[in-house]
Amino acid sequence: MVKANSKSHKPWVTPDLLELIRQKTDLYREYKSSRSQEDWKIYTNCKNRLTSELRKAEREYYETISDTCKSPDASKLLCHFREVLTVLQSLQVNKAPGPDGIPNRLLKEAAPEICDSLRCLFNNSLATGLFPTEWKQSNLTPVYKKGDKNDPFNYRPISLLPTVAKVMERLVHNHLYSYLEENNLLHSHQSGFRKGHHCFADDTSLYNSAKTVQEVAATTNTDLQLVSTWFLDWGLSLHPDKCKVVCIKSDRNNVQLPPIYLLGKIVEQVPFYSHLGVTIHQSLRWTEHVQVVTGKSRKLLGLLRKVSGKLGRQALETAYFALVRPKLEYASALLGDLASSASRLLEQVQYQAGLLVTGAMKGTPKSNLLQELEWDTLATRRQLNSLTIMYNMMNGRVPPHLQLLTPSTRGAQSTTRLQLRLT
């Protein structure tokens, strides 16, 4: 699993352009090896040609798309009173303000009075194409992620913008998003930040599969060369030491994946890796994932235990539902074949939470405790969640590319390539 991006993912990149990209990559490697002016000239000529061809292909692609829908009316971007009021009243009051110091609570509670004034400001900005300089300022806070705390690259920048600017951004987003949806301009596989798709991420994973590890390695290394070229073209930096490779295989398979290279360095191969909060093991077992989430959940229970004397039963139960149980159930759709030992680890954390909420003595039978609390076991909740997902898939309530995975009903002709057991 390697974080990556590639021009080859763009719909206007044809096989001929892909070949030209590979050619440019090879020419650049030749120049780095020789450092001759002649090789540099050949490389830059190829690069300029590629840039021109890519721009032409992209322009023609979007010209084709633009013919399928009408141009958006600029007047439709103008904000109305009710729209502004709705966004203001949906503000979360616990969010920190930006450099203007105006808290969300003030904007929310004063919404009916200030709504029309803000509407005039927003519409004037849209009509003139000018955005207030003060709204572009932000308070930047570095938030530690993982690794060496002395390494600046191990921190994620969080920008606190003025809330008024974010209100205007939300209003424009609502209009543009509606236009894109109404004119079917979003790719069916685009799930990030879309209603009903429930997918969010700010990184990318590159994956390949083949019959042999040699084929996988060769394809992956070729793809990473394209990634490196893309970063070079856009002046971005790559950090091979932050990338990892996981070879998905059976525990009984001792085959070794050949080295994977990024910028001439071997990318570290690991048995498991955390991606979007899910610990993925090379054998696709979930023991390591469960160990991680139960460890975090126990720490949270420890914090609740320290304040339990000041909180009533209802408050403790609410805290468990809001802070602890979501961690235990994160990505639960993946845990359908969870090993019994791992399942017991999860249930044990819920049992400890039940003791904390009720004040029951340790050793109280789990069944009695759950009955008193009217809680289902986590295994039951996982099963209900999986059934809900299947129901949504069967009834067209998921993105189109997930509907393709829906198994056929008994006796019906399968429209997928999945080999399913019907009995």
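For the structure itself, consult the block above.
Residues numbered from 1 in each chain as written. Predicted model: local features only at pLDDT ≥ 70, side-chain atom pairs only at ≥ 80, totals over all residues. Heavy atoms only, no water.

1. Notes on the packing of aromatic side chains
Under the defined criterion, the tally for this structure stands at 12 aromatic pairs. Here the aromatic rings of Phe 122 and Trp 135 are separated by 5.9 Å at their centres, their planes lie at 70°, and the arrangement is edge-to-face. Taken as a pair, Phe 122 in helix α5 (residues 111-128) and Trp 135 in the loop between α5 and β2 (139-144) lie far apart in primary sequence, 13 residues in all. Trp 135 matches Phe 122 in its accessibility class, with the two residues each being buried. The interplanar angle of 40° and the centroid separation of 6.1 Å between the aromatic rings of Trp 230 and Trp 234 together place this pair among those described as tilted. An aromatic cluster is defined as three or more aromatic residues linked by ring pairs; in this entry it consists of Tyr 28, Tyr 31, Trp 40 and Tyr 43. The lysine or arginine in question, Lys 149, covers the ring of Tyr 144, its NZ or CZ lying 5.1 Å from the ring centre. Note that Lys 366 overlies the ring of Tyr 351, its terminal NZ or CZ placed 5.7 Å from the centroid. (Phe/Tyr/Trp six-rings, centres within 6.5 Å; stacked < 30°, edge-to-face > 60°. Helix = DSSP H or I, 4+ residues; strand = E, 2+ residues; numbered from the N terminus. Buried < 20%, exposed > 50% of the residue type's maximum accessible area, 1.4 Å probe, protein only. Lys NZ or Arg CZ within 6 Å of the ring centre and 35° of its normal.)

2. Quick notes on unusual backbone geometry
At Arg 35, a position not held by glycine, the phi torsion is positive, near 60°. Judged by its relative accessible area of 52%, Arg 35 is exposed. The phi dihedral of Leu 276 falls on the positive side, at around 55°, and the residue is not glycine. Note on placement: Leu 276 falls in the loop between β9 (272-275) and β10 (278-281).

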